[in-house]
Amino acid sequence: MIIDGKKIAEQLREKVKNNIDKISGSQKPGLTVILIGDHPASQIYVRNKEKFAKEVGINSEVLRFDKNITEQNLKDEIRKLNTNPNVHGILVQLPLPDHINQKDIIETIDPTKDVDGFHPVNVGNLSSGNDAMVPCTPLGCYYLIKQVLPNLSGLHAVVIGRSNINGKPMTQLLLKENCTVTIVHSKTKNIEEICKRADLIIAAVGKAKMVKKDWVKSDAVVIDVGINRLEVEGKNKIVGDVDFENLKDHVKGITPVPGGVGPMTIACLLENTLKAFNKISGNAPR
Ligand code: GUN
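So, how was this worked out
Residues numbered from 1 in each chain as written. Predicted model: local features only at pLDDT ≥ 70, side-chain atom pairs only at ≥ 80, totals over all residues. Heavy atoms only, no water. Near = heavy atom within 4 Å. Polar contact = N/O pair within 3.5 Å; in protein donor to acceptor, adjacent residues only side chain to side chain. Areas by Shrake-Rupley, 256 points an atom, 1.4 Å probe, with all protein chains shown as cover. Nonpolar A, V, L, I, M, F, W, Y, C, P; charged D, E, K, R; others polar. Phe/Tyr/Trp six-rings, centres within 6.5 Å; stacked < 30°, edge-to-face > 60°. Buried < 20%, exposed > 50% of the residue type's maximum accessible area, 1.4 Å probe, protein only. Lys NZ or Arg CZ within 6 Å of the ring centre and 35° of its normal. Helix = DSSP H or I, 4+ residues; strand = E, 2+ residues; numbered from the N terminus. Contact = heavy atoms within 4.5 Å.

Novice: So, the site of the ligand: which residues are in play, and what are the values?
Specialist: Neighbouring the ligand are the residues Leu91, Val92, Gln93, Leu94, Asp116 and Phe118. Separating a nitrogen atom of the ligand from a backbone N or O atom of Val92 is a distance of 2.8 Å. Residue Gln93 places a side-chain N or O atom 3.3 Å away from a nitrogen atom belonging to the ligand. Out of a free accessible area of 280 Å², the ligand has 82% covered by protein chains. Across the shell around the ligand, the residue classes tally to four nonpolar, one polar and one charged.

Novice: Report on the packing of aromatic side chains, specifying residues and quantitative values.
Specialist: In total, this model carries one aromatic pair according to the counting rule given. Aromatic pair Tyr142 and Tyr143: ring centres 5.9 Å apart, planes at 50°, arrangement tilted. Here Tyr143 falls in the partly exposed class, since its relative accessible area comes to 26%. We note Lys51 situated over the ring of Phe52; from NZ or CZ to the ring centre the distance is 4.3 Å.

Novice: Would you mind going over the environment of Lys207 in detail, with residue names and values included?
Specialist: Locating Lys207 in the fold gives a position in the loop between strand S6 (200-203) and strand S7 (221-224). Taking the C-alpha atoms as reference, Lys207 lies 7.3 Å from Gly226; in sequence the two are 19 residues apart. What Lys207 contacts, discounting residues up to four positions off in sequence, is Asn228, Gly240 and Asp241.

Right, dumping it as structure tokens:
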């Protein structure tokens, strides 16, 4: 079964839109995305975030800064957004230029407005099992997994990649669902053997088609977070971390690239923005 992330994301956006339409009063959720420099992929991601935010009724704004902005000036901009009552979500698009300390920037964002879920307060709350702002990519993966595996209890999940953006928060979400989780990464020995014992594989390593058919049990579910640009017969092609063509008829469920995790990430950002709005405006516990 191919898990249609595009369709499931559309349904989630519709749900967010319906909830925004129901908000009484004139204030709507506000999302500000900060984009620094001219990183090509970031330009595309940010444009899509803005477009979909507007579609569901979020007041969305992109603040663009030159790549030479100082860390101090960037922090001042974030602090202004922290106190701006019309802004409920703040997202600083990564990667940042080398002269800016990513950790310090993330820690400048008000945790309640941290729709990326990268602030240590949110990271800590998620790993303690408390209510938290959950990073959008693993949250999107989680929703896709639940479509095919409503009960995850006792399953062996293998998370490939240990990033703060995906691997680590993904692990926390799966633990909460009573999975047995193995994280594998670039220094892990025998990744292939570990994957062969997985009921569920989440691949986020950035290596085109790394996960092969003979690594995966036939009743497994495979979620592909990878976005790799390959040149095939002179044309640019986007492929995931999984050998989709050879796996699609072999497994219980698999996400395509594009059209799998990607659209879910943006839909979850919109959902997180609404969640931040509800907390700030007193409609949900803080
Ligand atoms: N760059 C790539 N993925 C992400 C993400 O999820 N959030 C932010 N802020 N930047 C990114």
